[in-house]
Protein chains: 2
Amino acid sequence: MKLGFIGTGVMGNAIASNLQKAGYELWVYNRTKAKTDNLVAAGATWCATPQEVTEKTDIIFTMLGFPQDVEQVYYDSQGIFQADVQNKILVDMTTSKPQLAQRIFQTGQKKGAQVLDAPVSGGDIGAKNGTLTIMVGGQQATFDKLQPLFQAVSSKAQLFGPAGAGQNTKMANQIMIAGTMTGMSEMLVYAKAAGLDLNKVLETVGAGSAANWSLTNYGPRILKGDYNPGFFSKHFLKDLRIALDTAAEMKIDLPATKQAKELYEKLVDDKKLGDLGTQALVKLWW
Amino acid sequence: MKLGFIGTGVMGNAIASNLQKAGYELWVYNRTKAKTDNLVAAGATWCATPQEVTEKTDIIFTMLGFPQDVEQVYYDSQGIFQADVQNKILVDMTTSKPQLAQRIFQTGQKKGAQVLDAPVSGGDIGAKNGTLTIMVGGQQATFDKLQPLFQAVSSKAQLFGPAGAGQNTKMANQIMIAGTMTGMSEMLVYAKAAGLDLNKVLETVGAGSAANWSLTNYGPRILKGDYNPGFFSKHFLKDLRIALDTAAEMKIDLPATKQAKELYEKLVDDKKLGDLGTQALVKLWW
């Protein structure tokens, strides 16, 4: 089985590398060629375009930045759908729009390809350690075929429904995190203004009914002034925009998520701090 | 040592009962007398006013509903400060305004009494089981004297600073919870609108970087349609109002907490659902 991998940034590179380690042969493409060097050194074949990757392989993974990147890689000239995709499997791991996932699925159906949307959570550490969670949308038979590959790069892959369901599950996850990130930031801002010992506050607030992953993992980093990205603020803002656009299409209003998006817009667009981690939200106050 | 207990609702009654079980003699007052019946049956002495409780005891606990109740019980005619409080210790366990806690402390200072603010977290179950967390503000020496009593009713009591610091720590805790509650509600609303299996979503979202206590504890109840109060929405709204009033006094803006307060206002004031638990927030959509 020949695997293609398009998009070898931090996340994609780590996932592709784990596929290599599991013994699979890879054909790779990335806009910045240098980011495929380690994979090529380990035996992967460089291709000049997404189309070429698709022509040479059976199962093609994409792990890109923004929905517009996904759209280009699939639909542009020299894109995936310029190749004959008959009987191939296309797996988009980018966190992207549910509606775009459905469109890619439908294009695939017409051309005889199987398609999954398969965004992940777990960050760069999860990608390196192969402990990602993969949220999948698409058909059960396709999902079943991919299981050995998902097992090589994640600790859990689950099918949530038809095309787009993986993206929607990821959006649900990000909406939850919008709450823990804004709550944590405003909690720390309040506690600091009130003159409290922030280490003691973190310990106490984190031990009871306010406990959450963001507080446990980002709280201590914030107190150390460590705003290095576990997850880029600019990518989280992208996710919140997708979530809110999709919510609007579904005619539901999510005011707290909207408020979170507006705060991250201030951080990313106004303060130009999108390359810091999501925990940098407190910098709007401090 | 003679103990007074004023305010024997769900929380106060359970705490007072644990003090009795630990062997302390109690004098009690409650607006609705019947709510002291179990304590009187177990040996407590009923008093007709807060003033009388204070006159007959050495250490007086208050556990009331709203800041205005606290103000009345301390400052009204027949209130605590109508008694001679010289050398007595006053402990307000109500979740109330930090500024009111400071005012009571100062009044106590003038009259020769020691004062602690000591709001709790852990809910009715924590109160019954003696596993509350107590967040204390006041003087170290007073806190040290109270340690045996706090140990009888909680699993952890911690001094956070001078008068008001206990209330401010509790407010920080509630600001964090505002994030987990709004995030969880909007996450479920999104996931349901997207047609996802909510049990699977809870499991997946609750296992990764979106994990939090509210999701683990309230998520399954919401899916069962169980909106019984672990914590009343009307009390959470009170807390958010205190937090935002205090934040405004400190000249800090907390937009996500403000958004949460507006949502709970819709639930409590507009929909009149304040007697449901905080997890009923999803009823704004469903």
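Small disclaimer: the values here were computed from a predicted structure and weren't measured. (Residues numbered from 1 in each chain as written. Chains lettered and ligands numbered in written order. Predicted model: local features only at pLDDT ≥ 70, side-chain atom pairs only at ≥ 80, totals over all residues. Heavy atoms only, no water.)

K.L.:
Explain the UniProt feature "active site" (unreviewed entry) in chain A to me, please; I cannot follow it from the model alone.
P.N.:
All names here are of chain A. Summarizing the sequence annotation, UniProt attributes the feature "active site" (unreviewed entry) to Lys170 in the numbering used throughout. Tracing the sequence through the fold places Lys170 in helix α8 (residues 165–193). Assessed through its relative accessible area of 6%, Lys170 is described here as buried. Residues within four places of Lys170 in sequence aside, it is in contact with Thr95, Pro119, Val120, Met135 and Asp239. There is a polar contact of 2.9 Å between the side chain of Lys170 and the backbone oxygen of Val120. (UniProt positions renumbered as here; feature names shortened; annotations may be inferred. Helix = DSSP H or I, 4+ residues; strand = E, 2+ residues; numbered from the N terminus. Buried < 20%, exposed > 50% of the residue type's maximum accessible area, 1.4 Å probe, protein only. Contact = heavy atoms within 4.5 Å. Polar contact = N/O pair within 3.5 Å; in protein donor to acceptor, adjacent residues only side chain to side chain.)

K.L.:
Sorry, what's going on with the domain arrangement of chain A here?
P.N.:
One frequently used descriptor of interface size is the decrease in accessible area upon assembly of the parts. All names here are of chain A. What the domain assignment lists for chain A is domain 1 (2–162) and domain 2 (169–284). Placing the centre of domain 1 and that of domain 2 at their C-alpha centroids yields a distance of 29 Å. Taken together, the 14 residues of domain 1 in the interface contact 12 residues of domain 2. A buried area of about 1100 Å², summed over both sides, lies between domain 1 and domain 2, and 66% of it is on carbon and sulfur atoms. It is Phe66, Thr95 and Met135 that lose the most area in domain 1 upon contact with domain 2, and together they represent 39% of the buried surface on that side. On the surface where domain 1 and domain 2 come into contact, there are zero salt bridges. Here domain 1 is connected to domain 2 by five residue pairs in polar contact (both at pLDDT 80 or more). The set of elements that each furnish at least two residues to the side of domain 1 that touches domain 2 consists of α5 (98–111) and β7 (120–121). (Domains from an automatic or database assignment. Buried area = accessible area lost by both parts, 1.4 Å probe. Salt bridge = Lys/Arg side-chain N within 4 Å of Asp/Glu carboxyl O.)

K.L.:
Can you walk me through the pairing of strand β6 (residues 114–117) of chain A in this structure?
P.N.:
Residues and elements named next belong to chain A. With burial as the criterion, each face of β6 is covered, one bearing Gln114 and Leu116 and the other bearing Val115 and Asp117. As defined by bridge partners, strand β5 (residues 89–92) adjoins β6 across four bridges and the pair is classed as parallel. Bridge pairing in β6 links Val91 to Leu116. Handedness of the crossover is the feature at issue here: the chain leaves β5, passes through α5, returns alongside β6, and the resulting connection is right-handed. (Pairing = 2+ DSSP bridges. Right-handed = clockwise from strand over helix to strand, strands pointing away.)

K.L.:
For this particular structure, what's the right way to read the relation of the copies chain B and chain A?
P.N.:
The pair of chain copies shares a relation made of a rotation about an axis and a shift along it. By a simple turn and slide, chain B fits onto chain A: the slide is 0.0 Å along the axis, the RMSD is 0.0 Å, and the turn is 180°. Here the copies are linked by what is in effect a two-fold axis. The share of interface residues of chain B whose copies in chain A are also at the interface is 100%, consistent with both copies meeting through the same surface. (Least-squares fit on C-alpha atoms with pLDDT ≥ 70 in both.)

K.L.:
In this structure, what is going on with the nonpolar core? I would like to understand it.
P.N.:
Generally speaking, soluble globular proteins have nonpolar side chains that are buried together. Counting 87 residues, the largest nonpolar core has A:Met187 and B:Met187 as its most contacted members. Sequence-distant contacts of A:Met187, that is, excluding residues within four places in its chain, are made with A:Val201, A:Leu202, A:Val205, A:Leu215, B:Ala172, B:Ile175 and B:Met176. B:Val91, B:Ala118, B:Ala127 and B:Ala157 belong to the second-largest nonpolar core, a separate cluster that totals 31 residues. (Core = buried A, V, L, I, M, F, W, Y, C linked by side-chain atoms within 4.5 Å.)

K.L.:
Can you walk me through the environment of A:Leu90 in this structure?
P.N.:
All names here are of chain A. Looking at the secondary structure, you find Leu90 in strand β5. The sequence separation of Leu90 and Gly108 amounts to 18 residues, and the corresponding C-alpha distance is 8.1 Å. Those residues in contact with Leu90 that sit more than four places away from it in its chain are Ile60, Tyr74, Ile80, Phe81, Ala113, Gln114, Val115 and Leu116.

K.L.:
Honestly, the pairing of strand β9 (residues 154–161) of chain B in this entry has me stumped. Any pointers?
P.N.:
For a regular strand, side-chain orientation follows a simple rule: the groups alternate between the two sheet faces. All names here are of chain B. Among the eight residues that make up β9, six are buried, leaving the element largely enclosed by the rest of the structure. For strand β8 (residues 132–137) and β9, the ladder comprises six bridges, and the chain directions are parallel. Paired with Gly137 across the two strands is Gly161, which belongs to β9.

K.L.:
I would appreciate a short explanation of empty space enclosed by the protein in the present structure.
P.N.:
Rolled over the atoms, a probe with the dimensions of a water molecule shows which regions are left empty. Evaluated as defined, the whole model comprises four cavities of 30 Å³ or more. The wall of the largest cavity is formed by 14 residues, among which A:Gly179, A:Thr182, A:Ala256, A:Thr257 and B:Thr182 lie closest to the centre. Put simply, the parts of the chain that give the lining of the largest cavity at least two residues each are α8 and α12 (255–270) of chain A together with α8 (165–193) and α12 (255–270) of chain B. A breakdown of the residues in the lining of the largest cavity according to their chemical character gives five nonpolar, eight polar and one charged. (1 Å grid on protein atoms, 1.4 Å probe; cavity = no way out; pocket = protein on both sides within 12 Å on 5 of 7 lines; lining within 4 Å. Points joined across faces, edges and corners; volume = space filled by probe spheres on them. Nonpolar A, V, L, I, M, F, W, Y, C, P; charged D, E, K, R; others polar.)

K.L.:
Where do I start with the environment of B:Ser17 in this structure?
P.N.:
Mapped onto the fold, B:Ser17 is located in helix α1 (residues 10–21). Along the backbone, B:Ser17 and B:Gly130 are 113 residues apart, and their C-alpha atoms lie at a distance of 9.9 Å.

K.L.:
How do you make sense of the packing of aromatic side chains when you look at a structure like this?
P.N.:
The description of an aromatic ring pair rests on the distance of the ring centres and on the angle between the ring planes. Residues and elements named next belong to chain A. Inspection of the entire model under this criterion finds 16 aromatic pairs over all chains. Their ring planes at 85° and their centres at 5.0 Å tell us that Phe236 and Tyr264 sit as a pair that is edge-to-face. Taken as a pair, Phe236 in helix α11 (residues 233–249) and Tyr264 in helix α12 lie far apart in primary sequence, 28 residues in all. The class for Phe236 is buried, based on a relative accessible area of 1%. Through successive ring pairs, a cluster of aromatic residues spans Tyr74, Tyr75 and Phe81. (Phe/Tyr/Trp six-rings, centres within 6.5 Å; stacked < 30°, edge-to-face > 60°.)

K.L.:
Hey, could you run me through unusual backbone geometry in this one?
P.N.:
When glycine is set aside, most residues are seen to have a negative phi, and most peptide bonds are trans. Even without a glycine there, the phi angle at A:Lys272 is positive, about 55°. Assignment of secondary structure puts A:Lys272 in the segment after α12.

K.L.:
How should I be thinking about the interface of chain B and chain A in this particular structure?
P.N.:
Residue-level contacts link 55 residues of chain B with 55 residues of chain A. Carbon and sulfur atoms supply 67% of the area buried between chain B and chain A, which totals about 4600 Å² over both sides. Looking at the side of chain B facing chain A, the largest losses of area belong to B:Met176, B:Tyr190 and B:Ser209, adding up to 17% of the total buried there. Where chain B meets chain A, there are two salt bridges. With its nearest N and O atoms 2.8 Å apart, the salt bridge here joins A:Lys156 to B:Glu203. Secondary structure elements with two or more residues in the side of chain B that touches chain A: β8, β9, α8, α9 (198–205), α10 (213–223), α11 (233–249) and α12 of chain B. When residues in the side of chain B that touches chain A are grouped by element, the largest group, 20 residues, is from α8(B). Its residues assigned to classes, the side of chain B that touches chain A shows 33 nonpolar, 17 polar and five charged.

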